[in-house]
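# Structural features, examined
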Amino acid sequence: NAGVTQTPKFRILKIGQSMTLQCTQDMNHNYMYWYRQDPGMGLKLIYYSVGAGITDKGEVPNGYNVSRSTTEDFPLRLELAAPSQTSVYFCASSYGENQPQHFGDGTRLSIL
Amino acid sequence: GESVGLHLPTLSVQEGDNSIINCAYSNSASDYFIWYKQESGKGPQFIIDIRSNMDKRQGQRVTVLLNKTVKHLSLQIAATQPGDSAVYFCAETSNSGYSTLTFGKGTMLLVSP
């Protein structure tokens, strides 16, 4: 039972670098989400997808891009890393609307 | 380790006590509510959910109460154990468009042996 798997677990980037955070789920869930969590705060939604080929912006999408070419995978792309993007990033998936979301263990990203 | 505990409300209890964690929500259109537990260095873990047509739901050692009149949600944990120590988040969704979750800031629960 892998559930939601995120890679890498940790990463340090320099300002201006780019990277892709990977997320894959093996539960055949249609809905997938990306959140960021800053210290002492709840999670804020970056982007979400309700199925392959469909993505939409969440509360804090600026500086990020996503794609959803398969049901299983939902990568998050940072094109020009900025210090404000230092955070813990969580990917989640759910079967559908108003269903529990299942989370990965996060990617801890520092931008220096 | 994880720094999500900074500046969070904290509830300290003794092992064996019952714990009550409260959450206020603002969107009167919200119709689905979830409680998550987050341990240090891990992702949120689903505990229990409740829909707006209910006011109480029970799980194993946990009960969620929903008061729509005052927009208040609570999580009760019976016979709290040291392994219950974590940050607890409530989250709400609305039924407008595709459902997404809005998370509260969380409450840290500390259980002493």
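Here, every reference points to the structure presented above.
Note that the structure is a prediction, hence the values are computed from the model and not measured.

The biggest cluster of nonpolar side chains holds 20 residues, and the ones touching the most others in it are Y33, Y35, L43 and F103 of chain A together with Y36, L101 and F103 of chain B. Of all the secondary-structure elements, those providing two or more residues to this core are β4 (31–37), β5 (43–51) and β9 (87–94) of chain A together with β3 (30–38) and β8 (86–94) of chain B. Considering every element that reaches this core, the biggest residue donor is β5 of chain A, with 4 residues. Filtering out sequence-adjacent residues up to four positions away, Y33 of chain A remains in contact with L45, Y47, Y48, F74, F90, C91, A92, S93, S94, G96 and Q101 of chain A together with S99 of chain B.

What follows is about the state of the cysteines. The tally for this structure, following the rule as stated, stands at 2 disulfides over all chains. Two residues, C23 of chain A and C91 of chain A, share a disulfide whose sulfurs are 1.9 Å apart. Linking C23 of chain A and C91 of chain A, the disulfide has an S-S dihedral of approximately -75° and is accordingly described as left-handed. Residue C23 of chain A is located in strand β3 (residues 19–25), and its partner C91 of chain A is located in strand β9; the two are separated by 68 residues in the primary sequence. Of the two residues, C23 of chain A and C91 of chain A, neither departs from the other in class, the shared state being buried. Residue C23 of chain B pairs covalently with C90 of chain B via a disulfide, S to S 1.7 Å. As the torsion about the S-S bond is roughly 40°, the C23 of chain B-C90 of chain B disulfide counts as right-handed. Here the residue C23 of chain B occupies a position in strand β2 (residues 19–24), and C90 of chain B occupies one in strand β8, the gap between them amounting to 67 residues. In this structure, C23 of chain B and C90 of chain B share a single accessibility class: buried.

Calculation criteria
- Residues numbered from 1 in each chain as written.
- Chains lettered and ligands numbered in written order.
- Predicted model: local features only at pLDDT ≥ 70, side-chain atom pairs only at ≥ 80, totals over all residues.
- Heavy atoms only, no water.
- Core = buried A, V, L, I, M, F, W, Y, C linked by side-chain atoms within 4.5 Å.
- Buried < 20%, exposed > 50% of the residue type's maximum accessible area, 1.4 Å probe, protein only.
- Helix = DSSP H or I, 4+ residues; strand = E, 2+ residues; numbered from the N terminus.
- Contact = heavy atoms within 4.5 Å.
- Disulfide = S-S within 2.5 Å.

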